[in-house]
Structures are given as C-alpha cells and as structure tokens.
Number of protein chains: 2
Amino acid sequence: MTAHWPTVTIVGAGLIGGSAGLALASRRLADRIIGVGRSEASLAAAQERGAVTETTTDLAAGVAAADLVLVATRVGMIPSLLEQIDAAVRPATLITDAGSTKASIVAAWDQQPNRRGRFVGSHPLAGSHQRGPQAAAADLFEGRLTVLTPTPTTPPGDCEAIAAFWSALGADVLELPPAEHDRLLAAASHAPHVIAAALAAATPAAARRLTAGGWRDTTRIAAGDPELWADILLDNAAAIASQLEQVTATTDHLRAAIEAGDRAALIRLLTHAKESRDALGS
Amino acid sequence: MTAHWPTVTIVGAGLIGGSAGLALASRRLADRIIGVGRSEASLAAAQERGAVTETTTDLAAGVAAADLVLVATRVGMIPSLLEQIDAAVRPATLITDAGSTKASIVAAWDQQPNRRGRFVGSHPLAGSHQRGPQAAAADLFEGRLTVLTPTPTTPPGDCEAIAAFWSALGADVLELPPAEHDRLLAAASHAPHVIAAALAAATPAAARRLTAGGWRDTTRIAAGDPELWADILLDNAAAIASQLEQVTATTDHLRAAIEAGDRAALIRLLTHAKESRDALGS
C-alpha cells in the first residue's frame, strides 16, 4: 500500500483535522492538503500552522480533486456532510471520518447503496480537552489507536487503504464492527465524560479552593466543549446509559461499604479498582 | 516568627514526610531532621535521598529532642501515635500532622486536657498517586494550600507557629474548623476518589485497550493505595456518603437528558460542569 496521496481534503481543520494535516505535511504524505471549513479565521489559523496548503469554505469545490477525504467535524454534522461530499467527489474517492461514535454514521452512509465515494468509518483515539487548529500536533496519532469500523459489505481493499492512511500518520489500527465500537467506547470514553461532568457540577464552589491534583485529574475532561459532547452522548445514548448504571451501582457498593464501616469490603473494592487502573499505566 | 527549628522529627518518612524533610533540608530550616518509621528500608531510602539526617524505629527516642514533630503517616495510625508522641516529647513541643481528615484526629487529641505537647492539626493539599520517599520532592508544598484546623481552645501562638512551619516549606496556609475541613474535603478529594475507583472498577477489560487520555485522567487516583484510602474514607464516612449522593443525583440528571434525547437540558448540564471545571484552570 503506497503511503502517498496527491490531494487530501480535510473537512473541519480543528484539533483532529489540523493534527492530521500537520502529520501529512511533516511526513510528506500529500502534495496538496485542502482545508475545508465554515470559519475563514479557523482555516487561516490551520494554514498559518502548516496543517493545510490551501483552504476553501466551498465543500464541493474542496473535495472535487481529492484522492482521500477526511471528515473531522462534530459527530452530529458528519452524516449530512458525507451526503454532500459523496455528491461532489470523483468516483471511487476514499472517504473516512474521525467521529467518536460510529454506528449511526456508518448506517447513514449504508442506507444508500449507490455511492460515488468509498467510505470506511474511523475513530482515532486521540484528543484533548483543548480545541482548534492551535492545539493540533503532528504527533497526535503516533502510537495511538485508530479504530476502523468496516461492515460486512465494505470491500477489504477500501479498509486496507484507510488503514494505510492512519498507519502513515503513526497510528496503530484496529478493526471493530460499528456497534461494538460504540459499546466499548461508552465504557472507555463517553461514560467517563459524563461522570467527570457530574463530579465537577456537584462540587460546591466553597470546596474549589481545597481541590488538588486528584480533583483536577478526575474532572479535566469536563472542560470539553458541551456542543461537541452533546452530539456524542446523544448519538450513543443507550450504551452510555447502560454503562452509567454500572458506574452508579459500583459507586453505591463503595458508599455502602463506607457507611457500614466495612473495611474489608472497602479494601476489596478499592483493590479491584486499582488493579483495573494499574492495567493501563499512568 | 523565626523559621528555623534545631530539631524536627518526621514520623512516617513517605511521600509527604519525605517531601517535608527535603524542603527543610534544601531551605536549611532545621539542623537535625530525625526520621521515625517502622521500616528500616524506607527510612534508609529517605536518608539516602537527603530527606532526613538521622533515622530511628524507636518513636519515643526519635521525638525526645524534637522542637517540632510532624506525623505524616496513614490517617488511621495518627491518634495512637499522637498519644505515644505526647508521652515522650519535652513539655510544650509543637506537634502537627498531615492527615487528610481532621475532625476525629483533633477530637482524639482534645479528649485529654493535660497534654505535654501542643498540637494543631494540618492537612497539606499536596499528594500524588505515587507513594514513598522515592516520590518525595522538595517543592511538593510550594504554592499549594495547607489547611490548619485549630479549635476554639487552641492558643493562637501555637497556630501561628505551625503556620510558620508550613509557610517556610513554601505552602499557603488557611485555617478552617476541623468539621468544615472534612465536609469540604469530602467534595474536593474524598468523593472524587470513590468516583474514580467506581469508574475504573466498572470498566470492562475489553474496553481497556480503547481508553485514551480522558479515561486515564479520570481514573488516575484510583491507583492510590487501598489501605491508605480506606482509612480516609472510613474516617469521613458521613460527609463522603452525602457528597456521593450529590454526584449520583447529578449523574442521573445527565443520564435522563441523554436517554430522553433532550439536547437543551444536556447542554445546560455540561455547560454548568464546564464552568465549574474552568474555574480551576487546567
């Protein structure tokens, strides 16, 4: 698989899109990197950083010459953007996205059988509580996992081509069915986001000056953009609700042990939690 | 207030005690820094790092010459250690601790009216999920808050002397009644610890490889020592249980908005959480 694309178009040149552009540029993987967006200022910032070589607010024009299109916008916008992109690309153009949920995006694509483009869903597990091309980094994907979510009807060659794209940016690639991706991400990312938000929101203002590293770490992702996260949470509602029930039940077990003064049970629960945490490293 | 103590004894030369020793040594605030502990290996490690100038496993001998004693052990051991220390110190020796809960420790001290030593409870809001003198750092307290918890019967001069000690180590000092300290710390530290543990424990093993920075941040403190944390959680049970109820109720609100597809309510809750988090900085 040749790791070079004459023209890559990035729709949404924020943290993820901008980082992909920087990685493409620094690794000389594309001749043209076209940034498409709605905000001229944001596009200018991406170009200023070297994440794209040219910019446009005209989506159809921006994707017309592309060999590969990456959609790196908010989840809620992706299905309708895919429709517009598919109407404007050359036949057989590779298209992928970077959305944090996959089942509804893939299903939206699949409901139309005759597509010009060839789409495989992606989710690079890299991010930040920061946003925008200013926060982009050429090494954002290095050594991080990108999940591809082909369906039984995805041509293997399309999947290999998109895998080659993310590999070329430094990512490790894993394939999962879209629904399995969403179920696991509910536990790995979406429910933790809700919990961090609940913790931050439930902290009385008077306690803020007494917070230290523990509170700061535990609530850090609650600083994320509410609009962006609302998209994700609403798109994966059932799996997230189910995982939140698990977390709440575990919290209740811990609380019961604390209230009962049951040291043995508390140690057992804390030790299980520590083992789960230690399995990941710091 | 002169910031020099001929002899400081540190009981428990782990992360906190070791860091206090390193700060005393690097700032030349004490001539002798005596490390007292049960583990010869740990004491040797503290001395090797320069956190103490001499060591002993004999508590009475270690505190006999002290001008100031800092008890930096697990919370559950502090009341009985204070009894032993009070029986061995010279009259009017200043004693403080670094326990993460304060009401029961202060009450245990106060239940005996005729003390040789003069105790003021302290809680430096500095820590780590790491442990031991190996993790100690001379700058651990710099710019961080240390809470002192005098009671209405604490002589103001004693409080000033202990405040001068922490200030000399670089800390900012704040006074709070012991029960108020415990109530606020339940929200700022203890309940977040329980929530991080619940989140780590409730994450299925299959989801682990899909975790990224968000999960790692949110669960980091779950790697803390279960014995040490069981002490803290059991000693502040009522306040923690009450705060956990708040967090669970907030989680339930978020979950209800997600399940109902109520984007406006979800944005409102996430925005409130973000404002609370943003008030603290990264």
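Above: the structure in question.
Here is what the cut-offs are and how they apply
Residues numbered from 1 in each chain as written. Chains lettered and ligands numbered in written order. Predicted model: local features only at pLDDT ≥ 70, side-chain atom pairs only at ≥ 80, totals over all residues. Heavy atoms only, no water. Helix = DSSP H or I, 4+ residues; strand = E, 2+ residues; numbered from the N terminus. Contact = heavy atoms within 4.5 Å. Areas by Shrake-Rupley, 256 points an atom, 1.4 Å probe, with all protein chains shown as cover. Lys, Arg positive; Asp, Glu negative; His and termini not counted. Charge placed at Lys NZ, Arg CZ, Asp CG, Glu CD. Least-squares fit on C-alpha atoms with pLDDT ≥ 70 in both. Axes fitted to C-alpha atoms, helices over the stretch in contact; angles between N-to-C directions. Parallel < 35°, antiparallel > 145°, perpendicular 65-115°, else oblique. Left-handed = near helix turned anticlockwise from the far one by under 90°. Nonpolar A, V, L, I, M, F, W, Y, C, P; charged D, E, K, R; others polar. Buried area = accessible area lost by both parts, 1.4 Å probe. Salt bridge = Lys/Arg side-chain N within 4 Å of Asp/Glu carboxyl O. Polar contact = N/O pair within 3.5 Å; in protein donor to acceptor, adjacent residues only side chain to side chain. Buried < 20%, exposed > 50% of the residue type's maximum accessible area, 1.4 Å probe, protein only.

Student: Got a minute to help me understand the overall build of chain A in this structure?
Tutor: When its secondary structure is counted, chain A shows 11 helices and eight strands. When the backbone C-alpha atoms are referred to their principal axes, chain A occupies close to 65 × 40 × 30 Å. Look at the contacts in chain A between residues 6 or more apart in sequence, and 70% of them connect residues 24 or more apart. Accessible area of chain A: about 10600 Å², with a carbon and sulfur share of 50%. When the 23 positive and 29 negative side-chain charges of chain A are each reduced to one mean point, those points stand 6 Å apart.

Student: For this particular structure, what's the right way to read the relation of the copies chain A and chain B?
Tutor: In summary, the two copies of the chain are related to each other by a rotation about an axis coupled with a shift along it. Once chain A has been moved 0.0 Å along the axis and rotated by 180 degrees, it coincides with chain B to within an RMSD of 0.0 Å. Accordingly, the operation relating the two chain copies is best matched by a two-fold axis. When C-alpha positions in chain A are compared against the rotation axis, the closest is assigned to A:Thr218, at 1.9 Å. Comparing contact sets, 100% of the residues at the interface of chain A also lie at the interface in chain B, consistent with an isologous, same-surface contact.

Student: Mind showing me how you'd approach the packing of helix α7 (residues 178-201) of chain B against helix α9 (residues 226-235) of chain B here?
Tutor: For any two helices packed against each other, one specifies the crossing angle of their axes together with the interaxial distance. Residue and element names in this part refer to chain B. Viewed as axis vectors pointing N to C, α7 and α9 meet at an angle of 120 degrees, and their least axial separation amounts to 11 Å. It follows that α7 is oblique to α9 by the angle criterion. α9 is crossed by α7, and the crossing has left-handed handedness. Counted together, Ser-189, His-190, His-193 and Val-194 of α7 and Trp-229, Ile-232 and Leu-233 of α9 form the full contact between these two elements. Taken together, the residues of the contact of α7 with α9 break down into four nonpolar, three polar and no charged.

Student: I'm lost on the packing of helix α4 (residues 78-88) of chain A against helix α5 (residues 103-110) of chain A in this one. Help?
Tutor: All names here are of chain A. For the pair α4 and α5, interaxial distance at closest approach is 9 Å and the crossing angle is 30 degrees. The two elements α4 and α5 cross, and the hand of that crossing is right-handed. The segment α4 lies against α5, with Ile-78, Pro-79, Leu-82, Glu-83 and Asp-86 engaging Ile-105, Ala-108 and Trp-109. Residues belonging to the contact of α4 with α5 are distributed by class as follows: six nonpolar, no polar and two charged.

Student: Would you mind showing me how to read the interface of chain A and chain B here?
Tutor: Accessible area lost upon the coming together of the parts is a frequently used measure of interface size. With 84 residues of chain A in contact, the opposing surface of chain B contributes 84 residues. A per-residue breakdown of the area chain A buries against chain B is headed by A:Leu210, A:Ile258 and A:Arg277, which together make up 10% of the total. The tally of links from chain A across to chain B stands at eight salt bridges. A:Arg220 is paired through a salt bridge with B:Asp217; the nearest N and O atoms lie 3.4 Å apart. Connecting chain A to chain B are 16 residue pairs in polar contact (both at pLDDT 80 or more). Looking at the side of chain A that touches chain B, the element that brings in the most residues is helix α10 (residues 237-260) of chain A, giving 16 residues. Along the lines of polarity and charge, the residues of the side of chain A that touches chain B split into 47 nonpolar, 20 polar and 17 charged.

Student: What am I meant to see in the side chain of A:Thr218 here?
Tutor: All names here are of chain A. Structurally, Thr-218 is set in helix α8 (residues 213-219). When its relative accessible area of 1% is taken as the criterion, Thr-218 is described as buried. From its side chain, Thr-218 meets the backbone oxygen of Gly-214 in a polar contact 2.6 Å long.

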